[in-house]
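Residue-level listing of the chains:
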Amino acid sequence: MKEIIDDIFEREGSTLITDVLVGGKRVDIAIDETGTIVEIGEKNGVRDVIDIDIAVDGSESIAIPGLVNTHTHAAMTLLRGYADDMPLQDWLTQKIWPLEAHLTGDDVYWGTKLACLEMIRSGTTAFNDMYFFMERAAEATDEMGIRGTFAHGFIDLGMEEKRETEIKATETLVSHIKGQKNPRLTAAVGPHAVYTVSPEGLRWCAEYAREQEIGIHIHVSETEKEVVDCVAQFGKRPPALLDDCGCLTPRTVAAHCCWLDEADCRLFGERGVNASHNPASNMKLAVGRAMPYHHLREYGANVCLGTDGCASNNNLDMLEEVKFAALLQKFAWNSQTLLPAEEAIRVATAGGARALGIGSGTLTVGAPADIVLVDRRKACATPLHNADSNIAYACNGGAVHTVLCGGRFVMYDRVVPGEAAILKGAAEAAAALVCRAQDAS
Ligand SMILES: C[C@H]1O[C@@H](n2cnc3c(O)ncnc32)[C@H](O)[C@@H]1O
Ligand SMILES: [Zn+2]
């Protein structure tokens, strides 16, 4: 890579990436000033398509579409390593929720800045977030230059007064995000799960999402206990309950989906639901079963990929998550051919873009220029028999050196603007959060 052009992160002109490997071919990629891919052609074939403002030598790089993290709680970066090696319900009730009770908006701002830094560094250009103080998460994401979908974590615990508070928080967030009129920031509704949100709350979320023409982001069938308890309380499995409440739509992202049975998968396919596979979190929390990818694919559901939060992963490296997904599916379902490399990358890019409604998630003419350059000089990318194999099975986010989102550089030759201040601010916020919780206990 040539020396960094001093204002490359501010430039809003057109960009030409030359001689880069895409799908096994060496091509030039022309990006216009609107941040759209306008031409992809044989090497030296597209130079006169645009007035080149920035030229990037891609001869030592493999280009892939931006990775799309369809399930995370971004600001949980502040909780990385705070509580590990516990069962999900104990983890939530004894450690995570007591600490989150002391969260502030500033914490979520710094936690989300750190999350965006980590996601950019590992090739993620869009993420789907469900947390608290989400106006501050959106502020941080806008500053970092990538795409975010934001849902307030709606939890009413069956209490009407709490439900009213959650409704107001959701309406305020959606109004705020829509008012920004920022093409990189979108809103969603975030009913946490069937064991924390009443049917009345679920029905409100579904109706409000329909009325506002926004998505739904929800945890579904993560554990066997969730399913058993749901059947005991409501006489139906979580997908059927969610369907009765109107929550299963083509704009729904259902996270985890571990304990879906074949009929649940068929229902997801019929409703066009997006199922976010979260392999690292599922294995770390030992939820006991892998998402039935094969059934979801068979019945036409859109499968995408997510990391969950940093307290149950514990990073946001979607290239690592691609490998976990490809290996876990093969092992769990005893199939050496299930979720092959190219398909796993497609789930993490085009699958996620479809789930969040942010373009094609492909490197094609007319697509947003969300582009990740992977360094071919890294050991994990050598030899280069098969780029998809190296990307899915050998490399992790550390092999990424340059990232564009909407044609704008968010990382160039491993430089992300403001990195030192972000690390300092997030570390200080995390320490202060834990101190507040300890003082209060
Ligand atoms: C938004 C809330 O969701 C909590 N959370 C984080 N990870 C998980 C998970 O794997 N299952 C259920 N809930 C989760 C997060 O701590 C917030 O409280
Ligand atoms: Zn989650």
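Going by the annotation in an unreviewed UniProt entry, the name recorded for the chain is 5'-deoxyadenosine deaminase, with Methanoculleus taiwanensis given as the source organism. UniProt, in its Sequence similarities (unreviewed entry) section for the chain, records the words "Belongs to the metallo-dependent hydrolases superfamily. MTA/SAH deaminase family." In its Subunit (unreviewed entry) section, the UniProt record describing the chain reads: "Homotetramer."

## Quick look at the coordination of the zinc ion (ligand 2)
Bound to the zinc ion (ligand 2) on the protein side are His 71 (NE2), His 73 (NE2), His 219 (NE2) and Asp 308 (OD), at distances that span 2.1 to 2.3 Å. Each of the 4 donor atoms bound to the zinc ion (ligand 2) contributes to angles spanning 87 to 171°, and the resulting shape is irregular. Along the chain, the residues donating to the zinc ion (ligand 2) fall in the pattern H-x1-H-x145-H-x88-D. By the burial criterion, His 71 is buried, and His 73 matches it.

## Points about the UniProt feature "binding site: substrate" (unreviewed entry) in the chain
Mapped onto this numbering, the UniProt entry gives "binding site: substrate" (unreviewed entry) at Glu 100, His 192, Glu 222 and Asp 308. For His 192, the location among the structural elements is in the loop between β9 (185–191) and α5 (199–212). Residues in contact with His 192, not counting those within four places in the same chain, are Trp 97, Met 130, Phe 154, Ile 155, Val 197, Ile 218 and His 219. If you trace the backbone, Asp 308 turns up in the loop between β13 (302–305) and α11 (318–332). Filtering out sequence-adjacent residues up to four positions away, Asp 308 remains in contact with His 71, Thr 72, His 73, His 219, His 256, Ser 281 and Leu 316. Polar contacts involving the side chain of Asp 308 include one to the side chain of His 256, which spans 3.3 Å.

Calculation notes
- The residue count restarts for each chain, going from 1 along the sequence in the order it is written.
- Ligands are numbered from 1 and chains lettered from A, in the order in which they are written.
- It should be noted that, the model being predicted, local features are given only for residues of pLDDT at least 70 and side-chain atom pairs only at 80 or more, the latter also being counted only at that level, while totals for whole chains, interfaces and linings use all residues.
- To obtain the side-chain values, all non-hydrogen atoms of the structure were used and water was disregarded.
- UniProt positions are given in the numbering used here, feature names are shortened, and annotations may be inferred rather than shown by experiment.
- Donor atoms: N, O and S within 2.8 Å of the metal, or within 3.2 Å for Na, K and Ca. Because water is excluded, sites can look incomplete.
- Under the classification used here, a metal with four donors is tetrahedral if each angle lies between 85 and 135 degrees, square planar if opposite donors are over 155 degrees apart and the others between 65 and 115, a six-donor metal meeting that same test is octahedral, and anything else is irregular.
- With a 1.4 Å probe rolled over the protein chains alone, any residue whose accessible area is under 20% of its type maximum counts as buried; one over 50% counts as exposed, and the rest are partly exposed.
- Where helices and strands are cited, they refer to DSSP runs of H or I of at least four residues and of E of at least two residues respectively, numbered from the N terminus.
- Between two residues, a contact is recorded if the distance between any of their heavy atoms is within 4.5 Å.
- Polar contacts here mean pairs of N or O atoms no more than 3.5 Å apart (in protein, one a potential hydrogen donor and the other a potential acceptor; neighbouring residues in sequence count only if both atoms are side-chain atoms).

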